[in-house]
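Below, each chain spelled out in residue letters.
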Amino acid sequence: MKTTNLAKLRKEMEQTLERKRFEHTLGVAYTAANLAMVHGADVEKALIAGMLHDCAKCMSHRKQIALCRKNHIQLSQIETEEHSTLLHAKAGCCLARKKYGITDEDILRAISYHTTGRPHMSLLEKIIYIADYIEPGRERAKRTAADIQNLQEVRKLAYQDLDETLCKILSDTLDYLVRKGSVIDGITRQTYEYYCENLTGEITERNIL
Ligand code: DGI
Ligand code: FE
Ligand code: FE
């Protein structure tokens, strides 16, 4: 993919997204590029996926639902609920494909699963999921000192071990959702179980050896 495409996407995001969301988007794109450099992923794809990951965030709930239905995307019950924080990921995938001309399935999946993750994520999917959480401007409202310290740890870990980082983020996110009393989507739970249990298995094996 050409660099000119990225400049064009950046301009389109700047025009469509609210200022704060656009700044977050840039943070995710460049953090994803850094992670791609460290972990040997395609830097260009990381930039593009990061640039587009929240591209549907500016659309109304109604339009996001309509877009997904038109593209025959299966939605879970919680995704279709009003004020769902999850729907923009699937709608963003449709928009990236239809409006921004993205054909690379790995980029499209990275956008689609950037909020919940999924078991067996590709390297690019992991990078986008993590970059979204750790980008420098990420503000997490009403976070305690312990949460902020966790974020510092996660940021460091992300440049060392992606799977361990996923486990940490997923545990913190699940804790946060439980504390808030939010409904947890099946796929969020499956992702948590996959990355946290796999990791525990590995540690146990290492300890036995
Ligand atoms: O779009 P962003 O704000 O940049 O970030 P995001 O798309 O990763 O969304 C993060 C939010 O999504 C965060 O507050 C946790 C929430 N989330 C993730 N999985 C679930 C969830 N919320 C609910 N209710 N259920 C989930 O399974
Ligand atoms: Fe998002
Ligand atoms: Fe985001």
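Rules behind the numbers
- Residues numbered from 1 in each chain as written.
- Chains lettered and ligands numbered in written order.
- Predicted model: local features only at pLDDT ≥ 70, side-chain atom pairs only at ≥ 80, totals over all residues.
- Heavy atoms only, no water.
- Donors = N, O, S within 2.8 Å, 3.2 Å for Na, K, Ca; no water.
- Helix = DSSP H or I, 4+ residues; strand = E, 2+ residues; numbered from the N terminus.
- Buried < 20%, exposed > 50% of the residue type's maximum accessible area, 1.4 Å probe, protein only.
- Core = buried A, V, L, I, M, F, W, Y, C linked by side-chain atoms within 4.5 Å.
- Contact = heavy atoms within 4.5 Å.
- Near = heavy atom within 4 Å.
- Polar contact = N/O pair within 3.5 Å; in protein donor to acceptor, adjacent residues only side chain to side chain.
- Areas by Shrake-Rupley, 256 points an atom, 1.4 Å probe, with all protein chains shown as cover.
- Nonpolar A, V, L, I, M, F, W, Y, C, P; charged D, E, K, R; others polar.
- Phe/Tyr/Trp six-rings, centres within 6.5 Å; stacked < 30°, edge-to-face > 60°.
- Lys NZ or Arg CZ within 6 Å of the ring centre and 35° of its normal.
- Axes fitted to C-alpha atoms, helices over the stretch in contact; angles between N-to-C directions.
- Left-handed = near helix turned anticlockwise from the far one by under 90°.

1. Description of the coordination of the iron ion (ligand 2)
Here's step 1: Coordination of the iron ion (ligand 2) by the protein comes from Asp-54 (OD), His-88 (NE2) and His-114 (NE2), over a distance range of 2.1 to 2.2 Å.
Here's step 2: Within one chain, the residues serving as donors to the iron ion (ligand 2) are arranged as D-x33-H-x25-H.
Here's step 3: Separating the iron ion (ligand 2) from the iron ion (ligand 3) is a gap of 3.6 Å, bridged by Asp-54, which donates to each. In this pair, Asp-54 sits in the loop between helix H3 (43–52) and helix H4 (61–70) while His-114 sits in the loop between helix H7 (105–112) and helix H8 (123–134), placing the two residues 60 residues apart along the sequence. Of the two residues, Asp-54 and His-114, neither departs from the other in class, the shared state being buried.

2. A look at the nonpolar core
Here's step 1: Within the largest apolar cluster, 54 residues are counted, with the highest numbers of intra-cluster contacts made by Met-13, Leu-52, Tyr-100, Ile-102 and Ile-130.
Here's step 2: Once residues within four sequence positions are removed from consideration, Met-13 is found in contact with Phe-22, Met-51, Leu-52, Cys-55 and Tyr-100.

3. Observations concerning the site of ligand 1
Here's step 1: Inspection of the region around ligand 1 gives 19 residues, with Lys-57, Thr-115, Val-183, Asp-185 and Thr-188 positioned closest.
Here's step 2: Within the contact set of ligand 1, an oxygen atom lies 3.1 Å away from a side-chain nitrogen or oxygen of His-88.
Here's step 3: In the environment of ligand 1, an oxygen atom lies 2.7 Å from a nitrogen or oxygen atom belonging to the side chain of Thr-115.
Here's step 4: Across the complex, the protein chains shield 87% of the 590 Å² of accessible surface that ligand 1 would expose by itself.
Here's step 5: Where the shell around ligand 1 is concerned, the elements lending two or more residues are helix H2 (19–39) and helix H10 (162–180).
Here's step 6: Its residues assigned to classes, the shell around ligand 1 shows 6 nonpolar, 7 polar and 6 charged.

4. Let's talk about the packing of aromatic side chains
Here's step 1: According to the stated counting rule, one finds 1 aromatic pair in the structure shown.
Here's step 2: Measuring from ring centre to ring centre gives 4.7 Å for Tyr-194 and Tyr-195, while their planes differ by 80 degrees; the resulting arrangement is edge-to-face.
Here's step 3: On the accessibility criterion, Tyr-194 (24% relative accessible area) is partly exposed.
Here's step 4: It is Arg-118 that lies over the ring of Tyr-113; its NZ or CZ is 5.4 Å from the centre.

5. Here's the deal with the coordination of the iron ion (ligand 3)
Here's step 1: Those protein atoms acting as donors to the iron ion (ligand 3) are His-24 (NE2), His-53 (NE2), Asp-54 (OD) and Asp-132 (OD), and they sit at 2.1 to 2.3 Å.
Here's step 2: Of note, the iron ion (ligand 3) draws all its donor residues from one chain, in the sequence arrangement H-x28-H-D-x77-D.

6. A word on the packing of H7 against H8
Here's step 1: Between H7 and H8, whose axes approach to 9 Å, the crossing angle comes to 35 degrees. In this structure, H7 meets H8 at a crossing whose hand is right-handed. Residue-level inspection shows Asp-106, Ile-107, Arg-109 and Ala-110 of H7 in contact with H8, the latter providing Leu-124, Glu-125 and Ile-128.
Here's step 2: Classifying every residue of the contact of H7 with H8 gives 4 nonpolar, no polar and 3 charged.

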